[in-house]
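Take a look at the letters that make up each chain.
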Amino acid sequence: MDMLLEKKHRAVRQSVRRFCERELRPVAAQIDQEARFPWDVAEKMGRLGYFGIQVPQSLGGAGLDAVSYAIIIEEISRVSGAMGLCVTVHNSVGVYPILTFGDDSQIERWVPPLARGEKIGAFCLTEPNAGSDAGGIEATALADDDGYTVNANKVFVTNGGIADVCLIFCRTDPAAGRRGISVVVAERGTPGFVAGDLEDLCGMRANPVCSIRLTDCHVPKGNLLAKEGMGLKIGLAALDAGRMGIGAQAVGIAQAALEEGVRYARQRQQFGVPIAQHQSIQTMIADMATQVDAARLMVYRAAAMKDKHLPYSKESAMAKLFAAETATRVTDLAVQIHGGYGYSKAYAVERYWRDARVTRIYEGTSEVHRMVIAKSVLEG
(Lines give C-alpha, C1' and ligand atoms only; values in the text may rest on other atoms or scores of the structure.)
Protein backbone atom coordinates (compact mmCIF):
# COMPACT_ATOMS: atom_id res chain seq x y z
CA MET A 1 0.00 0.00 0.00
CA ASP A 2 2.76 2.45 0.90
CA MET A 3 4.21 2.04 -2.60
CA LEU A 4 1.12 3.82 -3.96
CA LEU A 5 1.83 6.87 -1.79
CA GLU A 6 4.15 9.75 -2.44
CA LYS A 7 7.40 9.88 -0.51
CA LYS A 8 6.09 12.66 1.73
CA HIS A 9 3.09 10.54 2.73
CA ARG A 10 5.28 7.56 3.59
CA ALA A 11 7.41 9.86 5.73
CA VAL A 12 4.29 11.13 7.53
CA ARG A 13 3.20 7.57 8.30
CA GLN A 14 6.61 6.61 9.60
CA SER A 15 6.84 9.67 11.83
CA VAL A 16 3.36 9.32 13.32
CA ARG A 17 3.78 5.60 13.89
CA ARG A 18 7.02 6.16 15.78
CA PHE A 19 5.36 8.75 17.99
CA CYS A 20 2.30 6.60 18.70
CA GLU A 21 4.34 3.51 19.53
CA ARG A 22 6.59 5.50 21.86
CA GLU A 23 4.11 7.83 23.57
CA LEU A 24 0.60 6.42 23.14
CA ARG A 25 0.98 2.63 23.10
CA PRO A 26 2.22 2.38 26.72
CA VAL A 27 -0.91 4.12 28.08
CA ALA A 28 -3.60 3.13 25.55
CA ALA A 29 -5.13 0.30 27.56
CA GLN A 30 -4.92 2.19 30.85
CA ILE A 31 -6.63 5.35 29.64
CA ASP A 32 -9.41 3.20 28.19
CA GLN A 33 -9.86 1.36 31.47
CA GLU A 34 -9.82 4.58 33.50
CA ALA A 35 -11.82 6.60 30.96
CA ARG A 36 -9.10 9.23 31.23
CA PHE A 37 -7.97 11.76 28.64
CA PRO A 38 -4.14 11.74 28.41
CA TRP A 39 -3.29 15.43 28.58
CA ASP A 40 0.44 14.79 28.60
CA VAL A 41 0.27 12.90 25.28
CA ALA A 42 -2.11 15.48 23.82
CA GLU A 43 0.31 18.30 24.62
CA LYS A 44 3.04 16.49 22.70
CA MET A 45 0.63 15.95 19.81
CA GLY A 46 -0.07 19.67 19.77
CA ARG A 47 3.61 20.47 19.41
CA LEU A 48 3.79 18.11 16.43
CA GLY A 49 0.88 19.80 14.64
CA TYR A 50 -1.66 17.00 15.00
CA PHE A 51 -4.36 19.44 16.10
CA GLY A 52 -3.86 21.63 13.03
CA ILE A 53 -3.04 19.09 10.35
CA GLN A 54 -4.45 21.03 7.40
CA VAL A 55 -4.14 24.49 8.92
CA PRO A 56 -1.60 26.72 7.12
CA GLN A 57 1.72 27.06 8.90
CA SER A 58 1.18 30.82 9.07
CA LEU A 59 -1.71 30.10 11.45
CA GLY A 60 0.18 27.65 13.60
CA GLY A 61 -0.74 24.45 11.78
CA ALA A 62 1.17 21.72 9.98
CA GLY A 63 0.00 22.77 6.50
CA LEU A 64 -0.44 19.18 5.27
CA ASP A 65 -2.83 17.79 2.66
CA ALA A 66 -5.90 15.61 3.13
CA VAL A 67 -4.10 12.35 2.33
CA SER A 68 -1.60 13.12 5.10
CA TYR A 69 -4.53 13.90 7.37
CA ALA A 70 -6.08 10.50 6.67
CA ILE A 71 -2.77 8.76 7.35
CA ILE A 72 -2.28 10.58 10.66
CA ILE A 73 -5.78 9.73 11.90
CA GLU A 74 -5.34 6.12 10.80
CA GLU A 75 -2.02 5.75 12.63
CA ILE A 76 -3.25 7.35 15.87
CA SER A 77 -6.39 5.19 15.79
CA ARG A 78 -4.32 2.06 15.19
CA VAL A 79 -3.01 2.56 18.74
CA SER A 80 -5.90 4.41 20.42
CA GLY A 81 -9.27 4.84 18.76
CA ALA A 82 -10.26 7.38 21.40
CA MET A 83 -7.35 9.68 20.63
CA GLY A 84 -7.90 9.22 16.91
CA LEU A 85 -11.47 10.33 17.50
CA CYS A 86 -10.35 13.38 19.46
CA VAL A 87 -7.95 14.50 16.74
CA THR A 88 -10.23 13.88 13.77
CA VAL A 89 -13.26 15.61 15.31
CA HIS A 90 -11.15 18.55 16.43
CA ASN A 91 -9.63 18.97 12.94
CA SER A 92 -12.52 18.14 10.65
CA VAL A 93 -15.62 19.53 12.34
CA GLY A 94 -14.01 21.89 14.84
CA VAL A 95 -11.23 23.76 13.06
CA TYR A 96 -12.25 23.20 9.43
CA PRO A 97 -15.60 25.07 9.56
CA ILE A 98 -13.96 28.11 11.18
CA LEU A 99 -11.10 28.07 8.68
CA THR A 100 -13.52 27.70 5.75
CA PHE A 101 -16.46 29.89 6.76
CA GLY A 102 -15.00 32.27 9.33
CA ASP A 103 -14.02 35.86 8.63
CA ASP A 104 -10.47 37.12 9.13
CA SER A 105 -11.02 38.18 12.73
CA GLN A 106 -12.60 34.84 13.66
CA ILE A 107 -9.81 32.88 12.00
CA GLU A 108 -7.16 34.98 13.73
CA ARG A 109 -8.92 34.64 17.07
CA TRP A 110 -9.67 30.92 17.17
CA VAL A 111 -7.63 28.98 14.62
CA PRO A 112 -4.03 29.46 15.92
CA PRO A 113 -4.72 28.22 19.48
CA LEU A 114 -6.82 25.38 18.10
CA ALA A 115 -4.12 24.41 15.60
CA ARG A 116 -1.49 24.34 18.34
CA GLY A 117 -3.70 22.20 20.58
CA GLU A 118 -3.87 24.92 23.21
CA LYS A 119 -7.63 24.81 22.84
CA ILE A 120 -9.83 21.87 21.80
CA GLY A 121 -12.77 22.16 19.43
CA ALA A 122 -16.16 20.45 19.45
CA PHE A 123 -19.09 20.15 17.05
CA CYS A 124 -22.41 20.46 18.85
CA LEU A 125 -25.24 19.26 16.62
CA THR A 126 -26.92 16.27 18.28
CA GLU A 127 -29.79 16.87 20.71
CA PRO A 128 -32.12 14.54 22.61
CA ASN A 129 -34.71 14.90 19.82
CA ALA A 130 -32.41 15.62 16.88
CA GLY A 131 -29.57 13.45 15.69
CA SER A 132 -29.39 12.42 12.06
CA ASP A 133 -32.24 14.87 11.35
CA ALA A 134 -30.23 18.07 11.60
CA GLY A 135 -33.30 20.06 10.64
CA GLY A 136 -35.01 18.99 13.85
CA ILE A 137 -32.76 20.87 16.26
CA GLU A 138 -34.48 22.84 19.00
CA ALA A 139 -31.61 25.02 20.24
CA THR A 140 -32.10 28.76 19.75
CA ALA A 141 -29.85 31.77 19.44
CA LEU A 142 -32.04 34.86 19.56
CA ALA A 143 -30.55 38.20 18.55
CA ASP A 144 -30.38 41.02 21.08
CA ASP A 145 -28.72 44.43 21.03
CA ASP A 146 -25.12 43.24 20.87
CA GLY A 147 -25.19 39.53 20.15
CA TYR A 148 -27.22 36.37 20.72
CA THR A 149 -28.78 34.70 23.72
CA VAL A 150 -28.28 30.98 23.28
CA ASN A 151 -30.29 28.18 24.86
CA ALA A 152 -29.27 24.68 23.88
CA ASN A 153 -28.96 21.14 25.16
CA LYS A 154 -26.42 19.26 23.05
CA VAL A 155 -25.74 15.61 23.83
CA PHE A 156 -23.03 13.06 23.01
CA VAL A 157 -20.54 15.82 22.26
CA THR A 158 -17.20 14.30 21.32
CA ASN A 159 -14.40 16.17 23.14
CA GLY A 160 -17.14 17.85 25.18
CA GLY A 161 -15.44 17.41 28.53
CA ILE A 162 -12.27 19.20 27.35
CA ALA A 163 -13.61 21.48 24.61
CA ASP A 164 -12.87 25.19 24.78
CA VAL A 165 -14.41 26.25 21.44
CA CYS A 166 -17.81 24.76 20.60
CA LEU A 167 -19.67 25.15 17.34
CA ILE A 168 -23.34 25.32 18.35
CA PHE A 169 -26.01 24.60 15.75
CA CYS A 170 -29.11 26.56 16.64
CA ARG A 171 -32.13 28.39 15.27
CA THR A 172 -31.63 32.11 14.83
CA ASP A 173 -35.03 32.31 13.12
CA PRO A 174 -37.30 29.63 14.59
CA ALA A 175 -40.03 30.40 12.06
CA ALA A 176 -37.82 29.84 9.02
CA GLY A 177 -37.45 26.06 9.30
CA ARG A 178 -34.18 24.71 7.94
CA ARG A 179 -33.32 28.12 6.51
CA GLY A 180 -33.28 29.53 10.02
CA ILE A 181 -30.45 27.32 11.30
CA SER A 182 -27.12 29.00 12.03
CA VAL A 183 -23.84 28.29 13.81
CA VAL A 184 -22.56 30.32 16.73
CA VAL A 185 -19.32 29.72 18.60
CA ALA A 186 -19.60 29.40 22.37
CA GLU A 187 -16.49 29.25 24.53
CA ARG A 188 -15.96 27.47 27.81
CA GLY A 189 -16.08 29.90 30.71
CA THR A 190 -18.88 32.01 29.24
CA PRO A 191 -21.69 32.50 31.81
CA GLY A 192 -24.42 29.96 31.11
CA PHE A 193 -22.04 27.43 29.50
CA VAL A 194 -22.07 24.09 31.35
CA ALA A 195 -20.37 20.81 30.40
CA GLY A 196 -22.34 17.87 31.78
CA ASP A 197 -21.10 14.66 33.37
CA LEU A 198 -19.01 12.40 31.17
CA GLU A 199 -20.85 9.55 29.48
CA ASP A 200 -19.87 6.06 30.65
CA LEU A 201 -19.52 4.60 27.18
CA CYS A 202 -18.82 1.10 25.90
CA GLY A 203 -15.92 2.17 23.68
CA MET A 204 -13.74 5.22 22.95
CA ARG A 205 -13.58 5.57 26.71
CA ALA A 206 -10.57 7.89 26.79
CA ASN A 207 -12.51 10.50 24.86
CA PRO A 208 -14.50 12.77 27.23
CA VAL A 209 -17.96 12.65 25.66
CA CYS A 210 -20.62 14.65 27.49
CA SER A 211 -23.53 17.03 27.06
CA ILE A 212 -23.06 20.77 26.55
CA ARG A 213 -25.84 22.90 27.99
CA LEU A 214 -26.22 26.61 27.33
CA THR A 215 -28.74 28.50 29.45
CA ASP A 216 -29.30 32.14 28.54
CA CYS A 217 -25.69 32.14 27.38
CA HIS A 218 -24.81 35.44 25.74
CA VAL A 219 -22.33 35.44 22.85
CA PRO A 220 -21.32 38.53 20.84
CA LYS A 221 -22.38 39.04 17.23
CA GLY A 222 -18.82 38.31 16.17
CA ASN A 223 -19.35 34.69 17.26
CA LEU A 224 -21.81 34.02 14.43
CA LEU A 225 -20.07 31.88 11.83
CA ALA A 226 -20.66 33.12 8.26
CA LYS A 227 -24.25 34.41 8.10
CA GLU A 228 -27.56 33.59 9.67
CA GLY A 229 -29.27 30.69 7.93
CA MET A 230 -26.04 29.03 6.76
CA GLY A 231 -26.00 26.38 9.46
CA LEU A 232 -26.92 23.41 7.30
CA LYS A 233 -24.45 24.41 4.59
CA ILE A 234 -21.68 24.62 7.18
CA GLY A 235 -22.76 21.34 8.74
CA LEU A 236 -22.83 19.42 5.47
CA ALA A 237 -19.38 20.68 4.46
CA ALA A 238 -17.98 19.76 7.86
CA LEU A 239 -19.56 16.31 7.79
CA ASP A 240 -17.99 15.54 4.42
CA ALA A 241 -14.58 16.12 5.99
CA GLY A 242 -15.66 14.40 9.19
CA ARG A 243 -16.81 11.23 7.47
CA MET A 244 -13.51 10.89 5.68
CA GLY A 245 -11.76 11.23 9.04
CA ILE A 246 -13.97 8.66 10.73
CA GLY A 247 -13.31 6.34 7.79
CA ALA A 248 -9.58 6.73 8.44
CA GLN A 249 -10.17 6.09 12.13
CA ALA A 250 -12.08 2.89 11.34
CA VAL A 251 -9.25 1.73 9.06
CA GLY A 252 -6.74 2.28 11.86
CA ILE A 253 -8.80 0.23 14.32
CA ALA A 254 -9.28 -2.54 11.76
CA GLN A 255 -5.55 -2.58 10.94
CA ALA A 256 -4.73 -2.96 14.62
CA ALA A 257 -7.16 -5.87 14.94
CA LEU A 258 -5.69 -7.54 11.87
CA GLU A 259 -2.16 -7.24 13.26
CA GLU A 260 -3.21 -8.67 16.62
CA GLY A 261 -5.06 -11.52 14.92
CA VAL A 262 -2.03 -12.43 12.83
CA ARG A 263 0.32 -12.20 15.82
CA TYR A 264 -1.87 -14.44 17.96
CA ALA A 265 -2.44 -16.96 15.16
CA ARG A 266 1.31 -17.39 14.75
CA GLN A 267 1.82 -17.96 18.47
CA ARG A 268 -1.19 -19.99 19.56
CA GLN A 269 -0.74 -23.77 19.30
CA GLN A 270 -3.59 -26.19 18.70
CA PHE A 271 -3.32 -29.82 17.52
CA GLY A 272 0.44 -29.51 17.66
CA VAL A 273 0.81 -26.57 15.24
CA PRO A 274 0.23 -22.78 15.27
CA ILE A 275 -3.41 -22.07 14.50
CA ALA A 276 -2.20 -19.92 11.57
CA GLN A 277 -1.70 -23.21 9.73
CA HIS A 278 -5.40 -24.08 9.94
CA GLN A 279 -7.44 -23.25 6.86
CA SER A 280 -10.31 -21.74 8.84
CA ILE A 281 -7.95 -19.20 10.44
CA GLN A 282 -6.28 -18.45 7.11
CA THR A 283 -9.69 -17.74 5.59
CA MET A 284 -10.45 -15.23 8.35
CA ILE A 285 -7.10 -13.50 7.94
CA ALA A 286 -7.46 -13.33 4.16
CA ASP A 287 -10.88 -11.73 4.47
CA MET A 288 -9.65 -9.30 7.11
CA ALA A 289 -6.63 -8.18 5.09
CA THR A 290 -8.66 -7.75 1.90
CA GLN A 291 -11.34 -5.68 3.59
CA VAL A 292 -8.86 -3.45 5.41
CA ASP A 293 -6.97 -2.69 2.19
CA ALA A 294 -10.21 -1.95 0.31
CA ALA A 295 -11.39 0.40 3.07
CA ARG A 296 -8.05 2.19 3.13
CA LEU A 297 -8.14 2.74 -0.63
CA MET A 298 -11.64 4.23 -0.39
CA VAL A 299 -10.54 6.63 2.35
CA TYR A 300 -7.47 7.70 0.39
CA ARG A 301 -9.58 8.24 -2.71
CA ALA A 302 -11.88 10.62 -0.84
CA ALA A 303 -8.85 12.43 0.59
CA ALA A 304 -7.20 12.73 -2.84
CA MET A 305 -10.40 14.18 -4.30
CA LYS A 306 -10.53 16.73 -1.49
CA ASP A 307 -6.93 17.69 -2.25
CA LYS A 308 -7.87 18.23 -5.90
CA HIS A 309 -10.84 20.42 -4.81
CA LEU A 310 -13.30 17.99 -6.41
CA PRO A 311 -16.74 17.23 -4.98
CA TYR A 312 -16.29 14.30 -2.63
CA SER A 313 -19.52 13.97 -0.64
CA LYS A 314 -20.40 10.60 -2.16
CA GLU A 315 -16.87 9.26 -1.90
CA SER A 316 -16.54 10.42 1.71
CA ALA A 317 -19.83 8.76 2.64
CA MET A 318 -18.80 5.56 0.83
CA ALA A 319 -15.44 5.51 2.61
CA LYS A 320 -16.98 6.03 6.03
CA LEU A 321 -19.74 3.46 5.43
CA PHE A 322 -17.43 0.75 4.13
CA ALA A 323 -14.59 1.42 6.59
CA ALA A 324 -16.91 1.44 9.61
CA GLU A 325 -18.55 -1.83 8.60
CA THR A 326 -15.11 -3.27 7.84
CA ALA A 327 -13.86 -2.32 11.30
CA THR A 328 -16.86 -4.06 12.84
CA ARG A 329 -16.29 -7.25 10.85
CA VAL A 330 -12.51 -7.33 11.23
CA THR A 331 -12.48 -6.74 14.98
CA ASP A 332 -15.13 -9.42 15.40
CA LEU A 333 -12.97 -11.88 13.47
CA ALA A 334 -9.93 -10.89 15.52
CA VAL A 335 -11.85 -11.71 18.70
CA GLN A 336 -12.89 -15.03 17.15
CA ILE A 337 -9.28 -15.92 16.30
CA HIS A 338 -8.36 -15.30 19.94
CA GLY A 339 -11.22 -17.48 21.14
CA GLY A 340 -12.01 -17.01 24.81
CA TYR A 341 -8.98 -14.78 25.26
CA GLY A 342 -10.48 -12.34 22.75
CA TYR A 343 -13.25 -11.66 25.24
CA SER A 344 -10.75 -10.79 27.96
CA LYS A 345 -9.55 -7.28 28.71
CA ALA A 346 -6.05 -8.72 28.95
CA TYR A 347 -5.96 -8.69 25.14
CA ALA A 348 -6.19 -5.54 23.00
CA VAL A 349 -8.69 -6.99 20.50
CA GLU A 350 -11.44 -6.64 23.10
CA ARG A 351 -10.86 -2.88 23.13
CA TYR A 352 -10.68 -2.67 19.33
CA TRP A 353 -13.98 -4.56 19.12
CA ARG A 354 -15.69 -2.06 21.44
CA ASP A 355 -14.16 0.96 19.74
CA ALA A 356 -15.09 -0.23 16.25
CA ARG A 357 -18.80 -0.45 16.94
CA VAL A 358 -19.39 3.26 17.40
CA THR A 359 -17.84 4.15 14.04
CA ARG A 360 -21.12 3.02 12.49
CA ILE A 361 -23.06 5.52 14.60
CA TYR A 362 -21.33 8.90 14.72
CA GLU A 363 -20.99 11.39 11.85
CA GLY A 364 -24.37 10.00 10.78
CA THR A 365 -25.50 6.38 10.97
CA SER A 366 -24.83 3.87 8.20
CA GLU A 367 -28.39 4.40 6.98
CA VAL A 368 -27.74 8.14 6.56
CA HIS A 369 -24.60 7.44 4.56
CA ARG A 370 -26.52 5.10 2.29
CA MET A 371 -29.06 7.87 1.70
CA VAL A 372 -26.26 10.32 0.77
CA ILE A 373 -24.72 7.80 -1.62
CA ALA A 374 -28.03 6.79 -3.19
CA LYS A 375 -29.07 10.39 -3.75
CA SER A 376 -25.79 11.13 -5.51
CA VAL A 377 -26.05 8.05 -7.70
CA LEU A 378 -29.71 8.61 -8.58
CA GLU A 379 -29.17 12.25 -9.46
CA GLY A 380 -26.28 11.25 -11.69
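Residues numbered from 1 in each chain as written. Predicted model: local features only at pLDDT ≥ 70, side-chain atom pairs only at ≥ 80, totals over all residues. Heavy atoms only, no water.

A. Structural context of the overall build of the protein. Within the protein one finds ten helices and nine strands. Here the C-alpha atoms of the protein give a radius of gyration of 21 Å, agreeing with the 21 Å that 2.2 N^0.38 yields for 380 residues. The C-alpha extent of the protein, read off along each of the three principal axes, is 80 × 50 × 40 Å. Considering only contacts within the protein whose residues lie at least 6 apart along the sequence, 73% involve residues at least 24 apart. Distance from the positive charge centre (43 side chains) to the negative charge centre (43 side chains) of the protein: 6 Å. (Helix = DSSP H or I, 4+ residues; strand = E, 2+ residues; numbered from the N terminus. Rg over C-alpha atoms; globule rule 2.2 N^0.38 Å. Contact = heavy atoms within 4.5 Å. Lys, Arg positive; Asp, Glu negative; His and termini not counted. Charge placed at Lys NZ, Arg CZ, Asp CG, Glu CD.)

B. Looking closely at the packing of aromatic side chains. Taken as a whole and assessed by the stated rule, the structure comprises six aromatic pairs. Each ring, one from Y341 and one from Y347, has its centre 5.4 Å from the other, and the planes form 45°; the classification is tilted. On the accessibility criterion, Y341 (41% relative accessible area) is partly exposed. Y347 sits in the partly exposed class, given a relative accessible area of 28%. Each residue in the set Y264, Y341 and Y347 is aromatic and connected to the rest through ring pairs, giving one cluster. Its end group placed over the ring of F322, R329 keeps NZ or CZ at 5.9 Å from the ring centre. (Phe/Tyr/Trp six-rings, centres within 6.5 Å; stacked < 30°, edge-to-face > 60°. Buried < 20%, exposed > 50% of the residue type's maximum accessible area, 1.4 Å probe, protein only. Lys NZ or Arg CZ within 6 Å of the ring centre and 35° of its normal.)

C. Just the pattern of salt bridges, in detail. The tally for this structure, following the rule as stated, stands at 23 salt bridges. Note that D65 and K8 form a salt bridge whose closest N and O atoms lie 3.5 Å from each other. Here the residue D65 occupies a position in the loop between α2 (39-47) and α3 (66-79), and K8 occupies one in helix α1 (residues 7-34), the gap between them amounting to 57 residues. Looking at D65, the relative accessible area reads 18%, which means it is buried. The class for K8 is partly exposed, based on a relative accessible area of 46%. Its salt-bridge partner being E74, residue R296 comes within 2.9 Å of it at the nearest N-O pair. Of the two residues, R296 sits in helix α7 (residues 279-307) while E74 sits in helix α3, which places them 222 residues apart along the sequence. Here the two residues R296 and E74 agree in accessibility, since each one is buried. (Salt bridge = Lys/Arg side-chain N within 4 Å of Asp/Glu carboxyl O.)

D. Fine view of the side chain of H90. Mapped onto the elements, H90 comes out in helix α4 (residues 81-101). We classify H90 as buried; its relative accessible area is 0%. Not counting chain neighbours up to four residues away, the residues in contact with H90 comprise F51, V95, L114, K119, I120, G121 and N159.

E. Fine view of the pairing of strand β5 (residues 181-187). Counting buried positions along β5 yields seven of seven residues, so the element is predominantly enclosed. Side chains I181, V183, V185 and E187 project from β5 onto one buried face, and the interleaved S182, V184 and A186 project onto a second face that is buried too. Bridge count between strand β4 (residues 165-171) and β5: seven bridges; the pairing is antiparallel. Bridge pairing in β5 places C166 opposite A186. (Pairing = 2+ DSSP bridges.)

F. Looking closely at empty space enclosed by the protein. Using the criterion set out here, one finds one cavity of 30 Å³ or more in the structure. In terms of lining, the largest cavity is formed by A28, I31, D32, S80, G81, A82, M204, R205, A206, R351 and D355. Among the elements of the structure, α1, α4 and α9 (348-357) are those that each provide at least two residues to the lining of the largest cavity. For the lining of the largest cavity, the leading source of residues is α1, giving three residues. A class-by-class count of the residues in the lining of the largest cavity yields five nonpolar, two polar and four charged. (1 Å grid on protein atoms, 1.4 Å probe; cavity = no way out; pocket = protein on both sides within 12 Å on 5 of 7 lines; lining within 4 Å. Points joined across faces, edges and corners; volume = space filled by probe spheres on them. Nonpolar A, V, L, I, M, F, W, Y, C, P; charged D, E, K, R; others polar.)

G. Structural detail: the packing of α4 against helix α5 (residues 104-115). In the contact formed by α4 and α5, the axes pass within 9 Å of each other and the chain directions differ by 155°. Between α4 and α5, the angle falls in the class roughly antiparallel. Regarding α4 and α5, the two cross each other, and that crossing is left-handed. Between α4 and α5, the contacting residues are H90, V95, I98 and L99 on the first element and Q106, I107, W110, V111 and L114 on the second. (Axes fitted to C-alpha atoms, helices over the stretch in contact; angles between N-to-C directions. Parallel < 35°, antiparallel > 145°, perpendicular 65-115°, else oblique. Left-handed = near helix turned anticlockwise from the far one by under 90°.)

H. Layout of the packing of helix α6 (residues 231-267) against α9. α9 packs onto α6 with a crossing angle of 155° between their chain directions and a minimal axis gap of 10 Å. The orientation of α6 with respect to α9, classified from their angle, is roughly antiparallel. The crossing of α6 and α9 is left-handed. In contact with I253, A256, A257 and E260 of α6, α9 contributes V349, Y352, D355 and A356. Here the residues of the contact of α6 with α9 sort into six nonpolar, no polar and two charged.

I. Examining the environment of N153 more closely. Structurally, N153 is set in strand β3 (residues 147-157). In this structure the C-alpha to C-alpha distance between N153 and G196, which are 43 residues apart in sequence, comes to 9.9 Å.

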